[in-house]
Amino acid sequence: RCAAPALSDSGGLFDTEISVSFQSPEPGDTIRYTFGGNEPTRNNSQVYIPGSQIPITSNTVIRAKTYRYGKLSSDVVTASFLIGQRNFSLPVISLVLPSSYLYDTNVGIYIEGTNGITGCGDPFPHNWNREWDRPANFELFDRTKKQQLNQEVDIQTAGCFSRANNKQKSLHIQPKKKFGDNTLSYPIFTSRKNQKYKDIMIRNSGNDAKYSMMRDGMMQTLIIGRMDLEYLAYEPSVVFVNGEYFGIFNMRDRSNADLIYTTHGLDEEEIEMTKTYDIVNHPEYKELINFITVNDITQPSVFEQLQEMMDVENYQHYMMTHMFSANYDWPHNNIKMWKKKQGGKWRWIVYDTDFGFNLFIDDLHTFNSLTYALGENKEKETKEWATALFSRLMQNPTFKDQFIDRYSVHLS
C-alpha cells in the first residue's frame, strides 16, 4: 500500500494567507488532492507537482491520497486551513466530507430530501429522520488553536424534534475501528479525567436551540463535583463544515452505553441499560416496583433490601436535579437507568433537561416541582408509572429525611 502524503502544515487557524506543500512522494508515487470535502480519485483529481507551493488565501480544506500502479492507494489525509477568523475563545471543530452526504436529495442526512422517513413527531418523511452514517473527517483545535484530534469518523443526525425545527442539526461523532481508531483519545471535557471517548455529540441545544443555546449544558454543569450522578459533560465549540462557518454547537457526552464506558470503564456487554417507555416493561424494574408495592416500605428491613437493588443516594440526586431545574419534560420522558449486570444496582442518568429554567413558561420558577414529581400536582399532571417509585419511597421516614437533608445542603 502507498504511504500517506505528508503536508508541510497540519492545518489550523491562521491570521494571514499561507502556502503549503507536500513532502516529495516516493519515486513512482503520485499525490492527488482536492479542495473541498470530496476525497481524491486516482484518475480525476489534481496532481501535486513535487516541490511546488499551494497558496491558501481563504478558508480551505485539502484532502489528499497517494497512488501508484500496482499498489493500493493510501489513506486519505485531510487538513483544514481557516484564515483570518475571529480570535475564538472556544474550541474549534472542523468537519470535512462530501457535501452530497449532507445536502443530496437522495443520500443527504441534513435536508428534507426525497428518501426520508417519518419519526420523532415529524409526520412527513424527511432524510434527516434516517439513522444514516456518513464518513467525515473530524478535527478539533483547542482554545489555544492547537490541533488535538484529526481522524476519520462516522457522523449521524441526532436529537428528536430539534432535527425538524432547526437548521442546525445535532450530530453524533462516532470513531470506528474501520477507520483505525474507535476512540477520540483526548480529554475533550475539562470536567472529565477520562481521555478516551467512544463517541460524542455536537448538539444544537435541542429545544433550547433558538434561545440560550446553553440551557441543558448549564443545568448539568451545576452538579459537577457535587453529586454522585451520571451527567453529560458540556463544552461549547465553534464548528466549521468544509471550511464554512457553521455556528456554535455544544460538545456533549452521549447518554448511551458509551457514557458508562467513559465514567466507569465498563463495556456495553457488562451493563444493563433501559430508557423511558421500555422501563415499565423491564423485568428487573418491574421486580423493583413490585417489591416496594407489596412490602411495607416504612419498615427499616424493607428499605435495607431496597438499597441492594438501587443506588438510593444516586436516585435522590437525580430527583433533586430535575426538580431544581423544574424540568417538565420529565418524569414521564427522558429517563435512562443502568446497572452493572453482575451485582450492580440501578443508577440514573441526567440528560435532556432543556425544558427547565423557564423554557416556554415564563413563571416556571414558581412551579411546585416536588408535588409534580410525586404525582400530586393538579395544575400539571404526569404519568402515574413515572411517579410511582418516588411517591412510594417518600413514605419511608429514612428516605424522606435523607432527601430533605441532602436537598437542603445542596440548595444552600
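This text goes with the structure placed above it.
The structure contained in this document is the topic of the report that follows. All values reported here derive from a predicted model rather than from experimental measurement.

Reading the values: rules and limits
- Residues numbered from 1 in each chain as written.
- Predicted model: local features only at pLDDT ≥ 70, side-chain atom pairs only at ≥ 80, totals over all residues.
- Heavy atoms only, no water.
- Patch = residues over 30% accessible without salt bridge, like charges linked within 9 Å, V, L, I, M, F, W, Y side chains within 5 Å.
- Areas by Shrake-Rupley, 256 points an atom, 1.4 Å probe, with all protein chains shown as cover.
- Salt bridge = Lys/Arg side-chain N within 4 Å of Asp/Glu carboxyl O.
- Helix = DSSP H or I, 4+ residues; strand = E, 2+ residues; numbered from the N terminus.
- Buried < 20%, exposed > 50% of the residue type's maximum accessible area, 1.4 Å probe, protein only.
- Contact = heavy atoms within 4.5 Å.
- Core = buried A, V, L, I, M, F, W, Y, C linked by side-chain atoms within 4.5 Å.

1. Points about a nonpolar patch on the surface
Okay, step 1: The grouping of Leu222, Phe324, Phe357 and Leu411 at the surface amounts to a nonpolar patch, some 370 Å² of accessible area in total.
Okay, step 2: Position of Leu222 among the secondary structure elements: in the loop between helix 3 (215-221) and strand 15 (234-241).
Okay, step 3: Leu222 gets classed as partly exposed once you look at its relative accessible area, which sits at 39%.

2. A few points about the side chain of Gln156
Okay, step 1: Locating Gln156 in the fold gives a position in strand 12 (residues 147-157).
Okay, step 2: Once residues lying within four places of it in the same chain are set aside, the contact partners of Gln156 are Ile109, Glu131, Trp132, Asp133, Ser170, Leu171, His172 and Gln174.

3. A few points about the nonpolar core
Okay, step 1: In this structure, Phe138, Ile188, Met310, Tyr315 and Phe390 are the most contacted members of the largest nonpolar core, which totals 64 residues.
Okay, step 2: The element best represented in this core is helix 8 (residues 312-325), accounting for 6 residues.
Okay, step 3: With residues near it in sequence (within four places) discarded, Ile188 still touches Leu140, Leu149, Tyr197, Ile200, Glu235 and Met251.
Okay, step 4: In this structure, Ile18, Ile56, Ile62 and Phe81 belong to the second largest nonpolar core, which totals 15 residues.

4. Regarding unusual backbone geometry
Okay, step 1: A cis amide bond, omega 5 degrees, links Trp330 with the succeeding residue Pro331.
Okay, step 2: Mapped onto the secondary structure, Pro331 falls in the loop between helix 8 and strand 18 (336-340).
Okay, step 3: In the Ramachandran plot, Asn334 falls in the positive-phi region, its phi being about 55 degrees despite a non-glycine side chain.
Okay, step 4: Looking at where Asn334 falls in the secondary structure, it is placed in the loop between helix 8 and strand 18.
Okay, step 5: For Phe360, which is not a glycine, the phi torsion comes out positive at approximately 75 degrees.
Okay, step 6: Given a relative accessible area of 47%, Phe360 falls into the partly exposed group.

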